[in-house]
Each structure stands twice: as C-alpha cells, then as structure tokens.
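Now for the letters of each chain:
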Amino acid sequence: MSENKTVLVTGASSGLGAQFCRALSAQGFTVIAAARRLEKLKALCAEIHNTGGKAHAVALDVTDLNSFASAIDEAEKMAGPIHCLVNNAGSSISKKAIEMTAEDFDFVTNLNLKGPYFLCTEMARRWITNGIKGRIVNIGSVSDRKAMPGHTVYGTTKSAIARLSQQFAREWINKGICVNTLAPGYIKTELNADYFDTPQGQALANMMPRKRVGVPSDLDQAIVYLCQPNQDFLTGQTLVLDDGQCL
C-alpha cells in the first residue's frame, strides 16, 4: 500500500472519473473507485490491476448522504486510511432555465453540490479526529465563469463548488487539509461523444481557439499534482484546464 497515497474517486465508473483512477494508480496511488455501477467499477479495477496498479471498487450513490459513513468504512477496510478525496460525480439536465422544474433543480444540486459538501465534511471529520493530512479535489467546470445556455443550474452548482473549496480550505487550513477545484473545459467523454460527433458539436469545437475539445487524459498531470500528499502550499484555488477555450 502506498503511504499516504490512498484516494477515493467518486463517479469513477466512466468518463473523467475512470481516467482519474487510471492516472492516479499509474503514479503509485491506491485507488478506491466509487460509483453506483459496481460492475463497471470492478472492470476498471481489473484493468488497473492488470497494469500493476492497486484499486478497489465501492458502491456509492453521492445523493444518499446516509450511506457515506458505511461506504468509507468499507473502503478503509480494504485499503487502509483514505488520504485524498476526488469529488467527481456530477451531472446536468439540458433545458432552458424557464423549463427547469423543481425536481430537475433538486436532481442537479443534490448530485453536484449537496453530495460533495457532505462527503467532504465526512472525510474532514475523520482526518481531523485522526490527525491525518488530507487532500480534497472538487471537480468544477469552466461554466463557473462562462455562461452556457441550457445549463444554468449546472453552471450555478459549479460556481458554488469553487466557492465551497475556498470556504473549506480556509476553515481547515491549519488542520493539514488542502482543498482545491479542478475546472476542466470541454472534454469529450463517453457521455457526450455522440454530441461532439454531430455537425452541431463539431461547429462548437470549431469556435474554440484551437478548434478542438479535450480528452480525459489531458487532465492526468493536474489531478496527480492536486492529490499529491507532499503538495501542501496550494489550497483554496481553482485550476482552470481548458485549452484556452474561454479566451
């Protein structure tokens, strides 16, 4: 087991979360891959094991706050104390603001903001009690600074996540806990690949300075840096990684 390098990644069954697990395991982290789709997590962990890494799968629904303690207990039985949390799970509902229902609003905010809030505090409470220096990386988005029609609630939650990281960082700054936000630009994943292959998606990419969208591995170096246990001089910041898309 890698000393002080055990990381729990939410939303790890696909997309950015799965790639974060691959990148971190390749740099010596023991990975706890957490999501609802346990079979996909097991396949990812098998892939990581086959490349010489260490990974464990844990079923976790970030909207079920009452399950957090037991899920973390299960993870730590398998891998020992967790030292880093990557809050990656999130989603959006693409609708005009005037068409969003209260149920839509609750779905997006519970998944993107409420869940991460209480997962952060659950981990921080344990770290403070046990004198562990922890790292939290909350996954934001450039929609915290760039208005995207059809994603008003999503952008609002990502702005809140960036501010939440600052608040947590200040509150825990003398507890050995660093909290930062990684805000990616447009990244092509299995969730949006079909869109970016359409004429509309290609037109959007062509509007960007480099006329392209990113791929999940473009974030590898950033996530590894933010999770490193010896990275203790950066906290409360948002690292924007968008290929200049917002310039």
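A brief look at the structure comes next.

Criteria and cut-off values
Position numbers for residues start from 1 in each chain and track the written sequence from start to end. Per-residue local features are limited, in this predicted model, to residues with pLDDT of at least 70; the limit for side-chain atom pairs, both in listing and counting, is 80 or more; totals at the level of whole chains, interfaces and linings are taken over all residues. Only hydrogens and water are set aside; all other atoms, that is, all heavy atoms of the structure, feed into the side-chain values. Only buried residues count toward a nonpolar core. Its members are Ala, Val, Leu, Ile, Met, Phe, Trp, Tyr and Cys residues joined through side-chain atoms within 4.5 Å. Residue exposure (1.4 Å probe, protein chains only): buried if accessible area is under 20% of the type maximum, exposed if over 50%, otherwise partly exposed. Numbered from the N terminus, helices here are DSSP runs of H or I no shorter than four residues, and strands are runs of E no shorter than two. When checking whether two residues touch, look at their non-hydrogen atoms; a contact exists if any pair is within 4.5 Å. Seen with its strands pointing away from the viewer, a crossover is right-handed when the path leading from the first strand over the helix to the second is clockwise.

Structural notes on the nonpolar core
- Judged by nonpolar contacts, the single largest core of 31 residues is most densely connected at Val7, Phe20, Leu24, Val86, Ile223 and Cys227.
- Looking at this core, the elements that each hand over two or more residues are β1 (6–10), α1 (15–26), β2 (30–35), α2 (38–50), β3 (54–59), β4 (84–87), β5 (135–139) and α8 (220–227).
- With 6 residues, α1 is the single largest residue contributor to this core.
- Setting aside chain neighbours within four positions, we find valine 86 in contact with Val7, Leu8, Val9, Thr10, Phe20, Val137, Ile139, Ile223 and Cys227.

So, the pairing of β2
- Burial runs high along β2: 6 of the 6 residues are buried.
- Of the two faces of β2, both are covered, the one formed by Thr30, Ile32 and Ala34 as well as the one formed by Val31, Ala33 and Ala35.
- Crossover connection from β1 via α1 to parallel β2: handedness right-handed.
- Each parallel crossover has a hand, and for β2 linked through α2 to β3 it is right-handed.

Thoughts on the environment of glycine 11
- On the secondary structure map, glycine 11 appears in the loop between β1 and α1.
- Through-space distance from the C-alpha of glycine 11 to that of valine 62 is 8.6 Å; in sequence the pair is 51 residues apart.
- Excluding its chain neighbours within four sequence positions, the residues that come into contact with glycine 11 are Gly17, Ala18, Ala34, Ala35, Asn88 and Ala89.

Here's the deal with unusual backbone geometry
- One non-glycine residue, lysine 211, lies in positive phi territory at about 55°.
- By secondary structure assignment, the location of lysine 211 is in the loop between α7 (199–206) and α8.
- We classify lysine 211 as exposed; its relative accessible area is 54%.
- Despite not being glycine, aspartate 243 has its phi angle at roughly 60°, a positive value.
- When its relative accessible area of 25% is taken as the criterion, aspartate 243 is described as partly exposed.

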